[in-house]
Amino acid sequence: MSSAPQWKNPVIRWVDERLPVFTYIDHEYNQFPVPKNLNYFWNFGALAMIVLVTMVVTGIVLAMQYTPHVDYAFGSVERIMRDVNYGWLIRYIHMNGGSMFFIIVYIHIFRGLYYGSYKSPRELLWMLGVVILLLMMATAFLGYVLPWGQMSFWGATVITNLFSALPIIGEPIVTWLWGGFAVDNATLNRFFSLHYLMPFVLFAVVGLHVVALHVTGSNNPTGIEIKGPQDSVPFNPYFTAKDSVGLGVFLIFFAYFVFFAPNFFGEVDNYIEANPMQTPPHIVPEWYFLPFYAMLRAITFDVFFIPAKLLGVMVMGASIMILFIVPWLDTSKVRSARYRPVYKWLFWVLVIDCFVLGYVGAKPPEGVLVLMGQLGTAYYFLHFLVIMPIVGKLETPLPLPASISEAVSGGSANSSPSGMEKP
Amino acid sequence: MSEATQSPESTEDDVGRRDFLVLATAAVGAVGAASFVWPLVDSMNPSAEVLALSKIEVDLGPIEEGQSITVVWQGKPVFIRRRTKVEISAAVKDDGADLRQKEKDADRTQKPEWLVMIGICTHLGCIPLGQKAVETKGEYGGWFCPCHGSHYDTSGRIRKGPAPLNLEVPKYKFLDDKSIRIG
Ligand code: HEM
Ligand code: FES
């Protein structure tokens, strides 16, 4: 099936015999067998890749006009918006691209959670994904500081101060991160340097992620492995075409925000220049951090000798770290929630819980919202630490189809004819 | 290569010696690498010119009773409040209250009338409200941090909310009756 191609073009052949890049690309992106029942949720990895490239390209052009100095940063961004040719477009693409990246990756992650893509043999693939998520968060946080608006400054202050919760080493670490005694010019400079660096680290980890994917192959909506050639199709043209459809739809969505609602995801306060002497009345992080922010604030009480502040930071950290061990928390023998009558619903409860946490994170911590945040946080951990292991053991899964082919064309009651059923 | 290491002549002694050499080389290499990393790490700490700005003098003359000013020290806001009789007695009265961080009002001031502290919430670093007359002062009549709802009393002690510690009192010295040096 995957025979080495015979390159007709002599130049290509000459290069390929010495450095087999063409054979590699042909093998991994042309002939690469993918399950023939992949639905549109399998578009989001490729979309994430395209957004990553978009961010790097627009970012490099922006960096040519931007000045990382506390006295000029805000002004230089306004100059980009008003004076630089197409500066407004490039900045709005980069700004909204960040939000798009998180929308895509969150869908990508929940896709994995629903179809059990993290289960053996894809544990490392999943864990690399969590590393990617962490790197993305770091990159987005650093980038948000650069325009040096009020939210930039106070967001940076609050988040770097999280480290001060650590006993003894906390304060020295914060001073070291700042390069001073407050978020200041030294901080802005290093954040610019690191914001430029991070995406390239991301590229490297995404590379490993894709290599790992090409070892195990893609999971699919049934969660059962490819059993023979009848279950798969070559990546090209089948999946390149399907990815292109998804890309078209995504670009329309993306363009809508860039051209018609460019500040939809932003905060008005960030159009006020940073003022280290005046905290805005209500600090909120970017939307993609809200559920985590809600968990940070949910802890308003000390537990034994651990002060509330440290505990809040620990809980927030744990909410992501827990994803690393999901492959071992899930005890179910069946991958896809499509065949898990109980877990299927609990999956959606988790999704709703994340939205509730996001809502709580956006509001001032008052009244019932405090309790909502605490319950939401408790449920989040309950899902991973209790529901996943126990439901996996107790639930009786539905009978699995014998093969992907049977599920798609064998008239099994569980699959829609198109194989594009929503989860 | 592998044949040489497994040849009959290589005694157990040899293997032990080789392991030792490998370990010793690796250890020296690790120390060398670490000593190269340290300058890079330390370069990110506050530089000399940032440290040089570490003292300021403040004239307290123009401040009326019940008024506060905010000055900048090391890039941080310092609150200086000339407290009223009522505020002082409230602060002293609460010395015995159930405080998160036990500190007597007298230990937080050099002269009861003047409260000098770093205006940074000990939770996550926002600047509490309460310096201006129009701003909310929280449930204890001192300062209120809007970020996550920390309430400080008229001595700047944490009374309610997520912040773990009282507002920090910096090192300062009265130069004369009406001026101080911070730092
Ligand atoms: C920059 C961000 C990311 C990029 C560019 C990326 C890229 C990709 C690509 C191209 C695929 C194959 C297509 C697909 O299945 O959709 C993939 C698969 C996968 N990714 Fe990611 N990914 C990213 C982030 C993440 C994160 C944050 C996670 C999880 C925490 C994750 C988990 C997975 C898993 C489990 C698969 C295998 C899915 C399957 O075959 O069912 N990825 N990724
Ligand atoms: S920073 Fe003041 S309450 Fe959180």
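The next subject is the site of ligand 1. Residue and element names in this part refer to chain A. As a matter of local geometry, ligand 1 sits amid 22 residues, with His 108, Ser 117, Gly 129, His 209 and Asn 219 nearest to it. At 2.8 Å, a side-chain N or O of Ser 117 approaches an oxygen atom of ligand 1. Between ligand 1 and the protein, one listed contact pairs a nitrogen atom with a side-chain N or O atom of His 209 at 2.7 Å. Put simply, the parts of the chain that give the shell around ligand 1 at least two residues each are α3 (44-63), α5 (87-115), α6 (123-145) and α9 (185-216). With six residues, the top contributor of residues to the shell around ligand 1 is α6.

Further remarks concern the packing of helix α11 (residues 290-298) of chain A against helix α15 (residues 368-394) of chain A. Each pair of packed helices gets described by two things: the angle between the helix axes and the distance between those axes. Residue and element names in this part refer to chain A. Running from N to C, α11 and α15 point in directions that differ by 110°, and their axes come no closer than 9 Å. As far as their axial angle goes, α15 and α11 are roughly perpendicular. Contacts between α11 and α15 involve Ala 294, Met 295 and Ala 298 from the first element and Gly 373, Gln 374, Thr 377, Tyr 380 and Phe 381 from the second. Residue classes in the contact of α11 with α15 are distributed as five nonpolar, three polar and no charged.

On to the sheet that holds strand β3 (residues 76-82) of chain B, then. All names here are of chain B. If you trace the three strands from one edge of the open sheet to the other, you get β2-β3-β4, paired in antiparallel fashion. Both outer strands of the open sheet, β2 (68-73) and β4 (114-118), are each paired with one neighbouring strand and no more. Taken pair by pair, the neighbouring strands of this sheet meet at an average axis angle of 20°, ignoring direction. Where β3 and β4 come together, five bridges link them in antiparallel fashion. Considered in β4, the bridge of Ile 80 is made with Val 116.

We note that the domain assignment places domain 1 (1-45) and domain 2 (50-182) within chain B. One C-alpha centre belongs to domain 1 of chain B, the other to domain 2 of chain B; they are set 56 Å apart.

Turning to the interface of chain B and chain A, a few remarks are in order. Taken together, the contact pairs 24 residues of chain B with 25 residues of chain A. Between chain B and chain A, roughly 2200 Å² of surface is buried when both sides are summed, and carbon and sulfur atoms account for 67% of that area. Along the contact surface separating chain B from chain A lie zero salt bridges. The interface formed by chain B and chain A contains seven residue pairs in polar contact (both at pLDDT 80 or more). For the side of chain B that touches chain A, the secondary-structure elements that each account for two or more residues are α3 (48-52), β2 and β3 of chain B. Considered class by class, the residues forming the side of chain B that touches chain A number 14 nonpolar, eight polar and two charged.

Moving on, we come to the state of the cysteines. Covalent bonding between the sulfur atoms of two cysteines defines a disulfide. Residues and elements named next belong to chain B. Taken as a whole and judged by the stated rule, the model has one disulfide over all chains. The partner cysteine of Cys 126 in its disulfide is Cys 147, sulfur to sulfur 2.0 Å. Taking the sign of the torsion about the S-S bond as the criterion, the disulfide between Cys 126 and Cys 147, at about -95°, is left-handed. Taken together, the residues Cys 126 in the loop between β4 and β5 (141-145) and Cys 147 in the loop between β5 and β6 (150-153) connect sequence positions 21 residues apart. The same class applies to Cys 126 and to Cys 147, which are both buried.

Conventions adopted
Numbering of residues starts from 1 in every chain and runs along the sequence as written. To read the labels, note that chains go from A and ligands from 1, taken in the order they are written. Local features in this predicted model are restricted to residues whose pLDDT is 70 or higher, and side-chain atom pairs enter the listing and the counts only when it is 80 or higher, whereas totals over whole chains, interfaces and linings include all residues. Processing note: side-chain calculations cover all non-hydrogen atoms of the structure and skip hydrogens and water entirely. We define proximity as follows: a residue is near a molecule or strand when any one of its heavy atoms falls within 4 Å of that partner. Between N or O atoms, a polar contact is any pair within 3.5 Å; within protein, one atom must be a potential hydrogen donor and the other a potential acceptor, and residues adjacent in sequence are included only when both atoms are from side chains. Secondary structure counts use DSSP, requiring at least four H or I residues in a row for a helix and at least two E residues in a row for a strand, with both numbered from the N terminus. An axis is simply a line fitted to the C-alpha atoms; with a helix, the fit covers only the stretch in contact. Between two such axes, the angle follows the N-to-C directions and lies from 0 to 180 degrees. Each angle receives one of four descriptions, namely roughly parallel if under 35 degrees, roughly antiparallel if over 145, roughly perpendicular if within 65 to 115, and oblique otherwise. By definition, residues are in contact when any of their heavy atoms lie within 4.5 Å. Only Asp, Glu, Lys and Arg are considered charged, only Ala, Val, Leu, Ile, Met, Phe, Trp, Tyr, Cys and Pro nonpolar, and every remaining residue, Gly among them, polar. Pairing between strands is defined by DSSP: at least two bridges between them are needed. Here the limits of each domain have been adopted from an automatic or database domain assignment. A quick way to say it: buried area is the sum, across both parts, of accessible area lost when two parts are put together, with a 1.4 Å probe. What counts as a salt bridge is simple: a side-chain nitrogen of Lys or Arg found within 4 Å of a carboxyl oxygen of Asp or Glu. Note on terminology: disulfide denotes any pair of cysteine sulfur atoms within 2.5 Å. Throughout, exposure labels follow a simple rule: accessible area from a 1.4 Å probe, protein chains only, divided by the maximum for the residue type, with under 20% read as buried, over 50% as exposed, and the rest as partly exposed.

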